[in-house]
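Per-entry structural report
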Amino acid sequence: RCCICFPITDTDGTRLRYYQRHPERLPMCGIAVGADGTPLGFVQVAVHPMQDQYGIHTLQPGEAYIEQVGVAAAARGKGIGKALLQWAETLATDRKSSVLTLTVLPGNPALRLYERFGFEALPPPDPVERCFDICGTFWIVGRPYGLCDP
């Protein structure tokens, strides 16, 4: 297993066009690949003064924010998520960030991984704000957990 940086493209080229317009973001993306070259997982980080790709989170000075992290269903439980979080943490440290954050939707089974890694849950925000966050995320992501596995 290893983490390397390269652009992740999708079938309609949306990601490719994004990274062509924002090449400074390429070093902020890590992907875990198996020995046979199969993608196992990815992570995308924003470091202040960058803002996250979708405008969901406003980064503060000294903050690195994990915008996206995902592990292929067949690779779960094998340390890939932990390796991706370690890569993100190293990136944050190298970029002189003092805090690494992420947002987790209720019901995300990866919450246990994040807690084992040392992330701490903050008190829930205002219920109305939380509802907008969840609805906005589903609007951007397009599907709930468990429905996006190949």
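To be clear, the structure that these remarks concern was listed above.
Report follows, based on the coordinates. (Residues numbered from 1 in each chain as written. Predicted model: local features only at pLDDT ≥ 70, side-chain atom pairs only at ≥ 80, totals over all residues. Heavy atoms only, no water.)

Quick look at the environment of Ile31
Counted only if it meets this: Secondary structure elements are defined from DSSP: runs of H or I of at least 4 residues count as helices, runs of E of at least 2 residues count as strands, and each element is numbered from the N terminus. Exposure is judged per residue with a 1.4 Å probe applied to protein chains only, and the accessible area is read against the type maximum: over 50% gives exposed, under 20% gives buried, and values in between give partly exposed.
On the secondary structure map, Ile31 appears in strand β2 (residues 29-33). Residue class for Ile31 comes out buried when judged on its relative accessible area of 7%.

Points about unusual backbone geometry
Phi is mostly negative for residues that are not glycine, and the peptide bonds are mostly trans. Omega for the peptide link from His48 to Pro49 comes to 20°, which places this bond in the cis form. Within the secondary structure layout, Pro49 lies in the loop between β3 (39-47) and β4 (63-71). Even without a glycine there, the phi angle at Lys96 is positive, about 65°.

A word on the side chain of Gln68
This is how the line gets drawn: The contact rule is simple, with two residues in contact once any of their heavy atoms fall within 4.5 Å.
Here Gln68 shows up in strand β4. By relative accessible area, Gln68 is classed as buried at 14%. If sequence neighbours within four positions are ignored, Gln68 has contacts with Arg15, Phe42, Val43, Gln44, Gln53 and Tyr54.

Note that all results are geometric; they support no functional claim without further evidence.
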